[in-house]
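Observations on chain architecture
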Amino acid sequence: MAARNDPEPCREQYWGLFEITHRDGAARIGRLHSKHGAITTPMLLPVINPNLRTIEPREMWEKFGIEALITNSYVIWKHEDLRTTALSDGIHSLLDFPGAVVTDSGTFQSYVYGDVEVGPEEIVTFQRDMGVDIGTMLDVFGRPDMSREELEGAVEETADRAEPSLAVAGSEMLLNGPIQGGTHADLRAQSSLLMGSSESEGRGFAVHPIGGIVPLMEQQRYRELFEILLASKSNLPPDRPVHFFGCGHPMLFPMAIALGVDLFDSAAYAIFARDDRLLTPEGTVKLGDIQEWPFNSHALFGTTPQGVREMERDERSVILAKHNLEVTQSELARCRESIRNGTIWELAEKRSHASPYLRDAFLWVQEQLDDPDDGPVGDSVLRMIASTNPLRGGGEGFGDEIESRPHILHIQALLATRWRVPGSWWDSTTGPPERVLLIEGVPPPWRISALGSVIEHLVEEPRTVVMISTPIGPIPFSIEDVSPWCHLTGPRGIWDPIFDDQEILEVLEEFGISDVPLIRAIPRDEVEDQTKAAEVRAWLDRCSVVDKLALLCAINPSDGCKMTEGMTSRKSRTDRLVNVNSGGKHILSPRLTDGGVSLTTHGASIANCLNHFPVPEFGTSGEDSDFPGIPRVCIIDDAVPFVGKGRNVMHGYISGADSHLTPGQPCIVIDSTGALIAHGIPITTHLEMSYLRKGVAVKVREGALKQDS
Ligand code: GUN
């Protein structure tokens, strides 16, 4: 195998900048730019003990794909020989590692041994002088068993040291600003606010580790662990990676990542190996207990547990450490892939069964999602739901917990707030509905399994609100092809009628139609009178476009009706809407993969004209309306010619964005006068857009100034 080349240093102006390339709710794949290359997150910083290198750092870089590692500056500082070499040759040479080097400060030693002999500024200066890429200030470790007063003291003292530490770190070394506060959600939120806003000469922290959590992990107090994470995240600047200090068990990765952790560090791979234990994504296995390997790896290939048991202790530690690091790396790769394909929550759900303590924590998080509180944890979970793309392509496995998944909660919330009873009916009458028809007992695609029956009922009574029963509740027929409902996978029985009248009434109440007479119908195969079918179909198609524009683009249904006045369409051979035209011009296409909509530039232009809210500006509050209009991203003048020709919108060129912007769903790009410049799909939220300085904010589908170029 060819040795991996040394990293390309990032350009100086990018050092410390974090870029989000993919996201799934709070989980994100990012790139943190450093002097020794860009680090792709979520990732693990393996802990290197400078006195005991179980795996050589060079091998980690070349064979394990490790882009950055962490070592302890206090340990180096304490050992005269290490200190001298580190200062003269630099930390990269001391460790023989070409990637980014992160160092800790001695805080953990003060937790273990009671005190350290070094001062806060001295240890940061030392890290800087060794040429460290990301150092750590000397924070005050807040143990969970400390009194509230002591913890308040730890938060305050850490915050007081922040500015002097940033000052001595200088412009070349990035700095970790740890969050303390024990298990008190409010103290964690306060610590995040203080540390997130600390700066010296315009420079703030590059990364925020969540500190003081090792005792919780040792005691498997995972519920508190994740409560701390959510509370801290509520106030942390969204452009800085979050590091879970001392967390390195792969079992915890999916859930931590799903809730927004970007970096992990741990010596677990080596410590467990020395103790003859193997890490797996579902827990830990003792070498002494097994006949066969629970997980294969390159390191263990061709060996047996018995063979490894018979090895010398040192050789055994090395082979097990390599195995543990491989398992850790592959679980992180799996998490990153799950972020890319929108399944990180399902992975966390699956892994939560690995331990009763983890399961308890997962169920607690589900409760927070179902019923967010008024505090920092509630703020975080609401933000998480809102930042989750409500639509996904591909199947959605049906199960007991499906309705607690953030993207399902999001689409259901959108349905509850933005769906409205049609304003007019297929026979052109207006007025309130005469009845609600609930179609039951048939699986999707409903335009095939239920259409005949729907038309029959609509011909009989044009003022009928048509709903379909799905295992996760009734939905309007107009969104029959929208995921997750139409993509639920499971045995045929999940489509059997399961709800009683009372349950259905409760849902209809949310839609404001519980006092309309309800009829329930299981579609029959043949339907006779179809003479009015074409007219009814055209009306159903239009309802579908208006409702999707309302749900996914926040366009008021009355504006959606204006957009679709005189609507015509092109259909596929399987009878799906392919192109939707208004006034003879193509305005949008429903997406086959997830039932969403893809706007055209003409459609975006109409949507923009219909949006009468002021041009968004960062620092001003958003619109308080169920239908704040097509979400807009306003760019600065310098970027207009590029974006207008179809280039992506980059962070740093944005002056405002609507707060209801949803990653993954359509948005338009405007200039400061409100003129349409482009349209596309946002990757980040409006809050992230206001902080991030690097990377793509909106993937532009088409520039609106193309013709002028
Ligand atoms: N390593 C594990 N926990 C901590 C912490 O709270 N602070 C620092 N600096 N390092 C740690």
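About the criteria used
- Per-chain numbering applies: the sequence of each chain, read as written, is numbered from 1 onward.
- Where local features are concerned, this predicted model is filtered to residues with pLDDT of at least 70; where side-chain atom pairs are given and counted, the filter is 80 or more; whole-chain, interface and lining totals use all residues.
- Each side-chain value is derived from all of the structure's non-hydrogen atoms; neither hydrogens nor water enter the calculation.
- Starting at the N terminus, helices and strands are each numbered in turn, a helix being any DSSP run of H or I of at least four residues and a strand any DSSP run of E of at least two.
- In this treatment the radius of gyration is a C-alpha quantity, and the globule benchmark scales as 2.2 Å times the residue count to the 0.38 power.
- For the exposure calls, accessible area comes from a 1.4 Å probe over protein chains only, and a residue counts as buried if that area is under 20% of its type's maximum, exposed if over 50%, partly exposed in between.
- Whether two residues touch is decided by their heavy atoms; if any such pair falls within 4.5 Å, the residues are in contact.
- Exposure was quantified through the Shrake-Rupley algorithm and a 1.4 Å probe, taking into account, for residues, occlusion by the shown protein chains and nothing else.
- Each pair of strands is called paired provided DSSP finds at least two bridges between the two strands.
- Axis lines are fitted through C-alpha atoms, for helices just across the contact stretch, and the angle between N-to-C directions can take any value from 0 to 180 degrees.
- It suffices for a single heavy atom of a residue to lie within 4 Å of a molecule or strand for the residue to be listed as near it.
- Here a polar contact means two N or O atoms within 3.5 Å. Within protein one must be a hydrogen donor candidate and the other an acceptor candidate, and residues neighboring in sequence count only if both atoms are side-chain atoms.
- Within this scheme a cavity is a closed region of a 1 Å grid, computed over the protein atoms alone, that accommodates a 1.4 Å probe without allowing it to escape, whereas a pocket is open but has protein on both sides within 12 Å along at least five of seven lines; lining residues each have an atom within 4 Å of a point.
- Each molecule is checked against the cavity or pocket grid, and it sits inside if more than half of its atoms lie within 2 Å of the grid points.
- Under the grouping applied here, Gly and all other residues not named as nonpolar or charged are polar, the nonpolar ones being Ala, Val, Leu, Ile, Met, Phe, Trp, Tyr, Cys and Pro and the charged ones Asp, Glu, Lys and Arg.
- For the purpose of counting charges, residues Lys and Arg are taken to be positive, whereas Asp and Glu are taken to be negative. His and the chain ends are not included.
- Should a side-chain nitrogen of Lys or Arg be within 4 Å of a carboxyl oxygen of Asp or Glu, the pair is scored as a salt bridge.
- Distance thresholds for patches are 9 Å for like charges and 5 Å for nonpolar side chains (Val, Leu, Ile, Met, Phe, Trp, Tyr), applied to residues having over 30% relative accessible area and no salt bridge.
- By convention, the charge on Lys lies at NZ, on Arg at CZ, on Asp at CG and on Glu at CD.
- Buried Ala, Val, Leu, Ile, Met, Phe, Trp, Tyr and Cys residues form a nonpolar core when they are joined through side-chain atoms within 4.5 Å.
- Grid points are joined across faces, edges and corners, and a volume is the space filled by probe spheres set on the points.
- Directions drawn from the helix axis to the C-beta atoms are what define this arc.
- Each Phe, Tyr or Trp ring (for Trp, its six-membered ring) is paired with any other whose centre lies within 6.5 Å, and the angle between the two planes then decides the class: stacked below 30 degrees, edge-to-face above 60, tilted in between.

Moving on to the overall build of the protein chain. Looking only at helices and strands, one finds 26 helices and 29 strands in the protein chain. In terms of overall size, the protein chain behaves like a compact globule, its C-alpha atoms giving a radius of gyration of 28 Å where 709 residues would be expected to give roughly 27 Å. Out of the 709 residues in the protein chain, the part that is buried amounts to 58%. Put simply, 68% of the contacts in the protein chain that link residues at least 6 apart link residues at least 24 apart. Within the structure as shown, the protein chain displays about 28,500 Å² of accessible surface, and the carbon and sulfur contribution to it stands at 48%.

Moving on to the sheet that holds strand E17 (residues 475–476). With respect to topology, four strands assemble into an open sheet ordered E17-E16-E15-E19, the strand pairing being mixed. Two strands in the sheet have a free side with no partner beyond their single neighbour: E17 and strand E19 (518–521). Across five bridges, strand E15 (residues 435–439) lies against strand E16 (residues 464–468) in parallel orientation. Bridge pairing in E16 places Arg435 opposite Thr464. Helix H20 (residues 451–460) contacts E15, E16 and E19 of the sheet and is inclined by roughly 165° relative to E15. In the packing of helix H21 (residues 501–510) onto the sheet, contacts are made with E15, E16 and E19, and the angle to E19 comes to roughly 120°.

A few words now on the site of the ligand. Surrounding the ligand, one finds Asp104, Ser105, Thr107, Phe108, Thr136, Asp139, Phe141, Gln180, Gly211, Gly212, Val214 and Phe245. Taking Asp104, its side chain carries an N or O atom lying 2.6 Å from a nitrogen atom of the ligand. Asp139 is positioned with one of its side-chain polar atoms (N or O) 2.8 Å from a nitrogen atom of the ligand. For the ligand, whose accessible area on its own is 280 Å², the fraction buried by protein is 97%. With respect to the pocket detection grid, the ligand is positioned in the largest pocket. Of the residues assigned to the shell around the ligand, the class counts are four nonpolar, six polar and two charged.

Here we take up the side chain of Asn176. Looking at where Asn176 falls in the secondary structure, it is placed in strand E8 (residues 174–176). A polar contact is formed between the side chain of Asn176 and the side chain of Thr136, at a distance of 2.9 Å. In contact with Asn176, not counting residues within four places along its chain, are Val102, Thr103, Ile134, Gly135, Thr136, Met137, Phe205, Val207 and Pro209.

This part takes up the side chain of Arg240. Here Arg240 shows up in the loop between helix H10 (222–233) and strand E10 (242–244). In this structure, Arg240 is buried with no salt-bridge partner, the nearest side chain bearing the opposite charge being Asp239 at 4.3 Å. A polar side-chain atom of Arg240 sits 3.0 Å from the main-chain carbonyl oxygen of Phe205. The residues contacting Arg240, other than those within four sequence positions of it, are Phe18, Arg28, Met195, Gly196, Gly204, Phe205, Ala206, His208 and Asp262.

Turning to a negative patch on the surface, a few remarks are in order. Among the surface-exposed residues, Glu367, Asp370, Asp371, Asp373, Asp374, Asp379 and Glu403 lie close enough to one another that they form a single negatively charged patch. Locating Glu367 in the fold gives a position in helix H16 (residues 356–370).

It is worth spelling out the nonpolar core at this point. Among the nonpolar cores identified, the biggest contains 100 residues, and Ile210, Phe226, Phe244, Ile257 and Phe264 are the most heavily contacted of them. Residues within four places of Ile257 in sequence aside, it is in contact with Ala26, Ala27, Pro42, Phe264, Leu332, Cys335, Ile339 and Ile344. Grouped together as the second largest cluster of nonpolar side chains are 47 residues, Leu415, Ile475, Leu488 and Ala521 included.

If you trace the six strands from one edge of the open sheet to the other, you get E25-E29-E28-E27-E24-E26, paired in mixed fashion. Each end of this open sheet is capped by a strand with a single partner; those strands are strand E25 (649–650) and strand E26 (654–657). Helix H24 (residues 601–610) rests against strand E24 (632–635), strand E27 (667–670), strand E28 (676–682) and strand E29 (696–703) of the sheet, and its axis sits at about 105° to E28.

Across all of its chains, the model carries five cavities of 30 Å³ or more by this definition. For the largest cavity, the calculated volume is near 280 Å³. Lining the largest cavity are 19 residues, and of these Ala26, Lys233, Pro238, Arg383 and Glu688 lie nearest its centre. Elements supplying a minimum of two residues to the lining of the largest cavity: H10, helix H17 (376–386) and helix H26 (686–691). By residue class, the composition of the lining of the largest cavity is nine nonpolar, four polar and six charged.

Attention now moves to the pattern of salt bridges. Counted under the stated rule, the structure contains 39 salt bridges. A salt bridge links Arg221 to Glu224; the nearest nitrogen and oxygen atoms lie 2.9 Å apart. Classification of Glu224 by relative accessible area gives partly exposed; the value is 24%. Between Asp559 and Lys562 there is a salt bridge; the shortest N-O distance is 3.3 Å.

Rolled over the atoms, a probe as big as a water molecule pinpoints where empty space is left. Each pocket or cavity is described by its volume, and for the largest pocket that value is around 1,400 Å³. Taken together, 49 residues make up the lining of the largest pocket; nearest its centre are Gly246, Ser266, Ala267, Ala268 and Ile271. Secondary-structure elements contributing two or more residues to the lining of the largest pocket are strand E4 (43–48), strand E5 (68–72), helix H5 (107–113), helix H9 (214–218), strand E11 (263–266), helix H12 (268–274) and strand E13 (283–286). Broken down by element, the residue count for the lining of the largest pocket peaks at six residues, all from H12. A per-class count over the lining of the largest pocket returns 25 nonpolar, 17 polar and seven charged.

What follows concerns helix H6 (residues 120–129). For H6, the set of buried residues is Ile123, Val124, Phe126 and Gln127. Axial view of H6: buried residues confined to an arc of 155°, hence all on one face. Buried residues along H6 sit against helix H2 (73–78), helix H3 (80–89), strand E6 (100–104), strand E7 (134–136), helix H7 (148–169) and E8. Within two residues after H6, Gly131 carries a phi angle of roughly 80°, on the positive side.

The next point concerns the pairing of E27. Across the two faces of E27 the burial is the same, with Cys667 and Val669 and Ile668 and Ile670 all buried. Relative to E27, E24 is paired through three bridges, and the arrangement is parallel. Paired with Cys634 across the two strands is Ile670, which belongs to E27. Sheet analysis places E27 next to E28, joined by four bridges and oriented antiparallel. In the strand pairing of E28, Ile668 is matched with His679. Here E27 folds back onto E28 in antiparallel fashion, the turn holding five residues, of which Gly674 has a positive phi close to 95°.

To describe a pair of aromatic rings, one takes the distance between the centres and the angle between the planes. By the definition in use, this model includes 11 aromatic pairs. A centroid spacing of 6.3 Å and a plane angle of 35° characterise the contact between Phe226 and Phe244, whose relative ring orientation is tilted. Residue Phe226 is located in helix H10, and its partner Phe244 is located in strand E10; the two are separated by 18 residues in the primary sequence. Comparing Phe226 with Phe244 shows no difference in burial state: the two are buried.

Distances and angles like these do not, on their own, reveal function.
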